[in-house]
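Chain by chain, the residues run as shown.
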Amino acid sequence: MEIKEKLYQQCVEYVNKRLQTIDEIISSNQKALQSETKSSAGDKHETGRAMLQLEMEKAGQQLQGITQMKEILARIDIYKKSNIAHLGSVVITDKASYFLSISSGKLKVDDKKYFSVSISSPIGRLLLGKQEGEIVVFNNVKQKIKEIF
């Protein structure tokens, strides 16, 4: 398996893990909402329901974010070859290595660190469309692009 495949696979695992966590939160909150029965402490009951409702909304927003990540991953063709940085490219600079995909943080392949970044993130937008030899400045740090694959 080549580097790009391994990075892609780690992103898929990251999304699946997050999805599983959010599903568990939603399921647990639904059970809690159903078991919240009217008690003599009416105000306390309403506060509990409101808190659960807020948790459900938050989980729903996170679920939407995960769905977007899945859609982005589905658009990546890890076999596409190009010397111009695009969604799915691995961009190696003299300072760091990036996988243009979703923002899932630091990934490791064969003891080498890569940063999985979204193309809509600040660094992702800078790298998108660049070619080998070009220089990008991120956080006042110049980075020369050494390789794109």
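Scroll up to find the structure.
Criteria and cut-off values
Residues numbered from 1 in each chain as written. Predicted model: local features only at pLDDT ≥ 70, side-chain atom pairs only at ≥ 80, totals over all residues. Heavy atoms only, no water. Phe/Tyr/Trp six-rings, centres within 6.5 Å; stacked < 30°, edge-to-face > 60°. Lys NZ or Arg CZ within 6 Å of the ring centre and 35° of its normal. Helix = DSSP H or I, 4+ residues; strand = E, 2+ residues; numbered from the N terminus. Buried < 20%, exposed > 50% of the residue type's maximum accessible area, 1.4 Å probe, protein only. Polar contact = N/O pair within 3.5 Å; in protein donor to acceptor, adjacent residues only side chain to side chain. Contact = heavy atoms within 4.5 Å. Salt bridge = Lys/Arg side-chain N within 4 Å of Asp/Glu carboxyl O. Pairing = 2+ DSSP bridges. Axes fitted to C-alpha atoms, helices over the stretch in contact; angles between N-to-C directions. Expected span 1.5 Å × (residues − 1).

Applying the stated rule across the entire model yields one aromatic pair. Here the guanidinium or amino end of K112 rests over the ring plane of Y114, the centre of that ring lying 5.5 Å away.

As a further point, take the side chain of S118. If you trace the backbone, S118 turns up in strand β4 (residues 112–118). Classification of S118 by relative accessible area gives buried; the value is 11%. Among the polar contacts listed, one links the side chain of S118 to the side chain of S120, at a separation of 2.8 Å. Apart from the residues within four sequence positions on either side, S118 is in contact with S101, I102, S103 and G124.

Another aspect to go through is the pattern of salt bridges. Applying the stated rule across the entire model yields two salt bridges. Residue D110 pairs with K6 through a salt bridge whose shortest N-O separation is 3.2 Å. Within this pair, whereas D110 is found in the loop between β3 (105–109) and β4, its partner K6 is found in helix α1 (residues 3–35), the two being separated by 104 residues in sequence. Given a relative accessible area of 26%, K6 falls into the partly exposed group. Two residues, D94 and K95, come together in a salt bridge whose shortest N-O distance is 3.9 Å. Residue classification places K95 among the exposed residues on the basis of a relative accessible area of 52%.

This part takes up the pairing of strand β6 (residues 141–148). Note: strand β1 (residues 90–93) against β6, three bridges, orientation antiparallel. Bridged to T93 within β6 is I145. The pairing of strand β5 (residues 135–138) with β6 spans four bridges and is antiparallel. Residue pairing in the sheet places F138 in a bridge with V141 of β6. Linking two consecutive strands that pair antiparallel, namely β5 and β6, is a turn of two residues; a positive phi of about 55° is found at N139 within it.

The strand order across the open sheet formed by six strands is β3-β4-β2-β1-β6-β5, and the pairing between neighbours is mixed. Either end of the sheet is taken by a strand with one partner, and the two such strands are β3 and β5. Averaged over neighbouring strand pairs, the angle between their axes works out to 40° when direction is ignored.

It is worth spelling out the side chain of T93 at this point. Among the secondary structure elements, T93 is positioned in strand β1. A polar contact of 2.8 Å, which involves the side chain of T93, links it to the side chain of Q143. In contact with T93, not counting residues within four places along its chain, are Y98, Q143, K144, I145 and K146.

Between its first and last C-alpha, α1 extends 48 Å over 33 residues, near the 48 Å set by a 1.5 Å rise per residue. Among the residues making up α1, those that are buried are K4, L7, C11, V15, L19, I22, I26, N29 and L33.

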